[in-house]
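# Geometric and topological summary
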There are 2 protein chains.
Amino acid sequence: MRQVNAYAAFESKGSLKPFQYQLPELSPEQVDIRVLYCGICHSDLSMVNNEWRTSQFPLVPGHEIVGEVVAVGSGVKNLQVGNKVGLGWFSASCMHCHTCMDGDHHLCGSAEQTIIGRHGGFADYVRAHWSWAITLPEGIDLAKAGPLLCGGITVFYPIVASEVSPVDKVGVIGIGGLGHLAIKFLKHWGCEVVAFTTSADKNEQIKAMGAHQVINTKDPKSLAAVKGQLKFILNTTNVNLDWRLYLNCLTTKGKLHHVGAVLEPMPIQAMTLVGGEKSIGGSPLGSPATTQTMLEFCMRHQIYPTVEEFPLAKVNEALAHLEAGKARYRIVLRVAE
Amino acid sequence: MRQVNAYAAFESKGSLKPFQYQLPELSPEQVDIRVLYCGICHSDLSMVNNEWRTSQFPLVPGHEIVGEVVAVGSGVKNLQVGNKVGLGWFSASCMHCHTCMDGDHHLCGSAEQTIIGRHGGFADYVRAHWSWAITLPEGIDLAKAGPLLCGGITVFYPIVASEVSPVDKVGVIGIGGLGHLAIKFLKHWGCEVVAFTTSADKNEQIKAMGAHQVINTKDPKSLAAVKGQLKFILNTTNVNLDWRLYLNCLTTKGKLHHVGAVLEPMPIQAMTLVGGEKSIGGSPLGSPATTQTMLEFCMRHQIYPTVEEFPLAKVNEALAHLEAGKARYRIVLRVAE
């Protein structure tokens, strides 16, 4: 039994308040993590606001966790007490289904999600199956690594899975928590990078992150500048845009890839796909192996999110800052002093 | 100057009547083909009926041509008078744009289409750029090869381009002219093949073509039998179906591929793609190189369309048969006796 001191929402849209709960005895394949830092993702806010109708209260958000292993189950072979690890959106997979055995633990039909039906990382401790407690590379900046575990892998994985090539010209829609990391990844991937944003005031910052071209999409005509040029466009927003405009920016054989939870149906013209041999895809997060690969890529190129730090005690202030659209570009909570 | 004796529609939805026209002097990169057989594709009917608003009258349909080269331009290096060739939807590409230089002549922005703004194969002669006059393998059945040049490559190309593997379980929607060829290709590709059809009376024929399972989609619940099982679904219809049902039949990382001209926008839920890492794509025909590859595959496995033959003089009867949905499964016109 371990007592956990957390912050929880007690009702939909409620502010977070201190909350204690007990973790039962550790099972053989689990580890306990003392939380050092925890990023705030937009989906923490969606869960607090019960936007997806999957929230259970009290709800402890937090799934961009950086911490130290403090206990390992008897069957854990790859981790020891004292190891620094990261934990993201998933906290367990079944490990034996065809999908898991194929290395796609993030697509496992019975994967456990860190803040759905269990408690997350706005807390001094959090528990996970060993597979999702990702070993952090030596020397990584612990205060900035958290957002890589969810926001980072969400945009890194499709670059790998869609086989984006360094010779491609590519685009990123929405330059927020996810999009700004996509820009940094794609710049170091060797690509020519175009950013699509509605915030003209971000232009210089976005270029400093590595974008070669910034297109202000408040004027839909501005998209004509890259018509037929992009091999890959990553949509990080959850807004139902005029997809025809973006499909027209693709080269033949180009792909529009969604990682944002666009809730309304997207009206897609089949002939837009057929004529230029284009495709539309999507993906959720990424596998543990690809997350490890991403962390090594980040270390090699010193890629980190641009973060603003708040102490855990100011979590409500931090959430309000995010909800107001003011985060530049990712918020991290400092949990342990 | 060469006089051509053809059959043309003189107005939208008009019946076809004899029509003569003159071909100017052959240019250096062109060849003239004496037509032996010509398949009838549903898009010939769409063009006669001006469904896509691109028809110019008088309109000579016919783009599934099998014939013999009777004249070659001074710059043609790969063909000689007497060669048997096939000609499909495209009759020329620019040959020098990036897309052509990349081998994707079917995606060339200035590709010439055999029956748009020029005359097709319901005629004794037809002209083409050498690149699209595909050399037919020795011994191929000339009376049945025509439909491979359009219907065939339309469904063969996406199997190649989507990297369908022989270990995949796959589906084909719509078992008509295109779909029945897809079933035959995929069976010989080594796949486990599921046919989706609304025509229960075709069941035994479809199984004889190589389908392992036939699903009657008049009952939408029947799709549950293959939920989460198909890596690749090829849609050959132009009807706006309930795509969610088919996306649910895909495995994780599965692809729904359109070759049918669905005209209304398809309402697609982003989360259906994101959750299972699925995609939706499309393609038009295929390149000359892939067409050649297809013909070799057809020879090795003796794959031909199932055809009904009409003499060219009965072209209106043949078109009415097709329009009534009675073709089993592709119609070929015998042009030269």
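Worth saying up front: this structure is predicted, and the values here are computed from it rather than measured.

### Some details on the packing of aromatic side chains
- According to the stated counting rule, one finds 18 aromatic pairs over all chains in the structure shown.
- Seen in terms of ring centroids, Phe156(B) and Phe185(B) are 5.1 Å apart; in terms of plane orientation they differ by 70°. Their pairing is edge-to-face. One end of the pair, Phe156(B), is in helix H4 (residues 151-161); the other, Phe185(B), is in helix H5 (residues 177-189), with 29 residues separating them in the sequence.
- Centroid distance Phe196(B) to Tyr246(B): 5.2 Å. Interplanar angle 80°. Geometry classified as edge-to-face. With Phe196(B) in strand E11 (residues 192-197) and Tyr246(B) in helix H7 (residues 243-249), this pair connects stretches of sequence that are 50 residues apart. The same class applies to Phe196(B) and to Tyr246(B), which are both buried.
- Each residue in the set Phe156(A), Phe185(A), Trp189(A) and Phe297(A) is aromatic and connected to the rest through ring pairs, giving one cluster.

### Digging into the relation of the copies chain B and chain A
- Structural alignment of chain B on chain A gives an RMSD of 0.0 Å, achieved by rotating through 180° and translating 0.0 Å along the axis. Overall, the copies show the geometry of a two-fold rotation axis. Residue Pro267(B), judged by its C-alpha, is the member of chain B lying nearest the rotation axis, at 2.2 Å.
- A shared interface surface links the copies, since 100% of the contact residues of chain B are contact residues in chain A too.

### Some details on the pattern of salt bridges
- Here the structure, examined in full by the defined rule, presents 17 salt bridges over all chains.
- A salt bridge links Lys253(A) to Asp104(B); the nearest nitrogen and oxygen atoms lie 3.0 Å apart. On the criterion of chain membership, the pair formed by Lys253(A) in strand E14 (residues 250-258) and Asp104(B) in the loop between helix H2 (98-101) and strand E7 (112-113) is interchain, its members lying in two chains.
- Residue classification places Lys253(A) among the partly exposed residues on the basis of a relative accessible area of 34%.

### Section: the state of the cysteines
Residues and elements named next belong to chain B.
- If you walk through the whole model with that rule in mind, you get zero disulfides over all chains.
- Free cysteine Cys100: the closest other cysteine sulfur is in Cys108, separated by 3.7 Å.
- The exposure class assigned to Cys100 is buried, which follows from its relative accessible area of 4%.
- Cys191 takes part in no disulfide bond, and the closest cysteine sulfur to it belongs to Cys298, at a distance of 15 Å.

### Re the confidence of the model for chain A
- Looking at chain A as a whole, the pLDDT averages 97, with 100% of positions reaching at least 70.
- In the model output, the complex is listed with pTM 0.95 alongside ipTM 0.93.

### Things to note about the interface of chain B and chain A
- Each partner contributes to the interface: chain B provides 34 residues, whereas chain A provides 34 residues.
- Both faces combined, the contact of chain B with chain A buries some 2500 Å², and carbon together with sulfur accounts for 59% of it.
- Per-residue buried area on chain B facing chain A is highest for Leu107(B), Val274(B) and Glu277(B); these three make up 21% of the total on that side.
- On inspection of chain B and its partner chain A, the count reaches two salt bridges.
- At the junction of chain B and chain A, the tally comes to eleven residue pairs in polar contact (both at pLDDT 80 or more).
- It is helix H8 (residues 270-276) of chain B that provides the largest number of residues to the side of chain B that touches chain A, a total of six residues.
- Of the residues belonging to the side of chain B that touches chain A, the class tally is 17 nonpolar, twelve polar and five charged.

### Focus: the domain arrangement of chain A
All names here are of chain A.
- We note that the domain assignment places domain 1 (2-150 + 286-334) and domain 2 (152-282) within chain A.
- Here the C-alpha centre of domain 2 lies 27 Å away from the C-alpha centre of domain 1.
- Domain 1 puts 22 residues into the contact, and the matching count from domain 2 is 20 residues.
- Taken together, the two surfaces of domain 1 and domain 2 that pack against each other cover about 1900 Å², and 66% of this comes from carbon and sulfur.
- If you sort the residues of domain 1 by the area they bury against domain 2, Phe297, Ile303 and Tyr329 come out on top, with a joint share of 31%.

### Let's talk about a nonpolar patch on the surface
- A grouping of Trp52(A), Leu263(A) and Met271(B) is seen on the molecular surface, where their side chains present a nonpolar patch of about 270 Å² in accessible area.
- Inspection of the secondary structure puts Met271(B) in helix H8.

### Notes on the packing of H5(B) against helix H9 (residues 288-301) of chain B
Residues and elements named next belong to chain B.
- Running from N to C, H5 and H9 cross one another at 70°; their axes reach a closest spacing of 11 Å. Classified by the angle their axes make, H5 and H9 are roughly perpendicular. Along the contact surface, H5 presents Phe185, His188 and Trp189, while H9 presents Met294, Phe297, Cys298 and His301.
- A class-by-class count of the residues in the contact of H5 with H9 yields five nonpolar, two polar and no charged.

### Overview of the environment of Glu277(B)
- Its location among the elements puts Glu277(B) in the loop between H8 and strand E16 (279-282).
- Expressed as a C-alpha distance, the spacing of Glu277(B) and Lys255(B), which sit 22 residues apart in the sequence, is 9.2 Å.
- The residues touching Glu277(B), leaving out its near neighbours within four places in the chain, are His106(A), Leu107(A), Tyr157(A), Ala161(A), Gly282(A), Ser283(A), Pro284(A), Lys253(B) and Gly254(B).

### As for helix H9 (residues 288-301) of chain A
- Spanning 14 residues, H9(A) covers 20 Å between terminal C-alpha atoms, matching the ideal 20 Å at 1.5 Å per step.
- Looking at the residues trailing H9(A), positive phi occurs at Gln302(A), about 50°.

### So, the side chain of Asn49(A)
Residues and elements named next belong to chain A.
- For Asn49, the position within the fold is in the loop between helix H1 (42-48) and strand E4 (65-72).
- Take Asn49: its relative accessible area is 12%, and that puts it in the buried class.
- For Asn49, the contacting residues outside a window of four places in its chain are Ser12, Lys13 and Glu323.

### Thoughts on unusual backbone geometry
- Looking along the chain, the bond that leaves Phe57(A) and enters Pro58(A) is cis, with omega of 0°.
- Among the secondary structure elements, Pro58(A) is positioned in the loop between H1 and E4.
- Residue Tyr329(B) is reached from Arg328(B) by a cis peptide bond, and omega for that bond is -5°.
- With respect to the secondary-structure elements, Tyr329(B) resides in the loop between helix H10 (315-323) and strand E18 (330-334).

### Overview of the pairing of E16(B)
All names here are of chain B.
- Here E16 shows two buried faces, one formed by Ser279 and Gly281 and the other by Ile280 and Gly282.
- Pairing geometry for strand E14 (residues 250-258) and E16, over four bridges, is parallel. From the neighbouring strand, His257 faces E16, where its bridge partner is Gly281.

### Observations regarding the nonpolar core
- Within the largest apolar cluster, 97 residues are counted, with the highest numbers of intra-cluster contacts made by Phe122(B) and Phe185(B).
- Each of domain 1 (2-150 + 286-334) and domain 2 (152-282) of chain B gives at least three residues to this core.
- Formed by 96 residues, the second largest nonpolar core is a distinct cluster that contains Val76(A), Cys100(A), Leu234(A) and Leu333(A).

### Brief notes about the side chain of Ser131(B)
- By the element assignment, Ser131(B) lies in the loop between strand E8 (125-129) and strand E9 (134-135).
- Ignoring any residue separated from it by four or fewer positions in sequence, one finds Ser131(B) in contact with Met95(B) and Pro288(B).

The rules behind the values
- Position numbers for residues start from 1 in each chain and track the written sequence from start to end.
- Whichever chain is written first is A, and whichever ligand is written first is 1; the rest continue in order.
- Note on the predicted model: pLDDT of at least 70 is required for a residue's local features to be given, and 80 or more for side-chain atom pairs to be given and counted; whole-chain, interface and lining totals, by contrast, use all residues.
- Excluded from the side-chain calculations are hydrogens and water; all other atoms, namely the structure's heavy atoms, are used.
- Stacked, tilted and edge-to-face are the three classes assigned to paired rings of Phe, Tyr and Trp, where Trp is represented by its six-membered ring and a pair needs centres within 6.5 Å; plane angles under 30 degrees give stacked, over 60 edge-to-face, the rest tilted.
- Helix numbers and strand numbers start at the N terminus; a helix is a DSSP run of H or I with at least 4 residues, a strand a run of E with at least 2.
- Residue burial is assigned from relative accessible area. The probe radius is 1.4 Å, only protein chains are included, and a residue is buried under 20% of its type maximum, exposed over 50%, and partly exposed in between.
- A least-squares fit on C-alpha atoms brings the copies together, and the residues used are those whose pLDDT is at least 70 in both copies.
- By definition in these notes, contact holds between two residues if any of their heavy atoms fall within 4.5 Å.
- Whenever a carboxyl oxygen of Asp or Glu lies within 4 Å of a side-chain nitrogen of Lys or Arg, that contact is scored as a salt bridge.
- Any cysteine sulfur atom paired with another within 2.5 Å is treated as part of a disulfide.
- Note on scores: pLDDT gives the predictor's confidence for each residue, bounded by 0 and 100.
- The term buried area denotes the loss of accessible surface (1.4 Å probe radius) that occurs when two parts are joined, taken as the sum for both partners.
- Each polar contact in these results corresponds to two N or O atoms within 3.5 Å; when the atoms are within protein, one needs to be able to donate a hydrogen and the other to accept it, and residues that are neighboring in sequence are counted only if both atoms are side-chain atoms.
- The classification used treats Ala, Val, Leu, Ile, Met, Phe, Trp, Tyr, Cys and Pro as nonpolar, Asp, Glu, Lys and Arg as charged, and all other residues, Gly among them, as polar.
- Residue ranges for the domains originate in an automatic or database domain assignment.
- Candidates for patches are residues over 30% relative accessible area with no salt bridge; among them, like charges are joined within 9 Å and nonpolar side chains (Val, Leu, Ile, Met, Phe, Trp, Tyr) within 5 Å.
- Each accessible area is a Shrake-Rupley estimate made with a 1.4 Å probe; only the visible protein chains count as cover when residues are assessed.
- Angles run from 0 to 180 degrees between N-to-C directions of axes, and those axes are lines fitted to C-alpha atoms, restricted for helices to the stretch in contact.
- Comment on the angle field: the value is read as roughly parallel under 35 degrees, roughly antiparallel over 145, roughly perpendicular from 65 to 115, and oblique elsewhere.
- In this analysis, the expected span of each helix is defined as 1.5 Å times one less than the number of residues it contains.
- DSSP calls a pair of strands paired once it identifies at least 2 bridges connecting them.
- Here, nonpolar core means buried Ala, Val, Leu, Ile, Met, Phe, Trp, Tyr and Cys residues that are tied together by side-chain atoms lying within 4.5 Å of each other.

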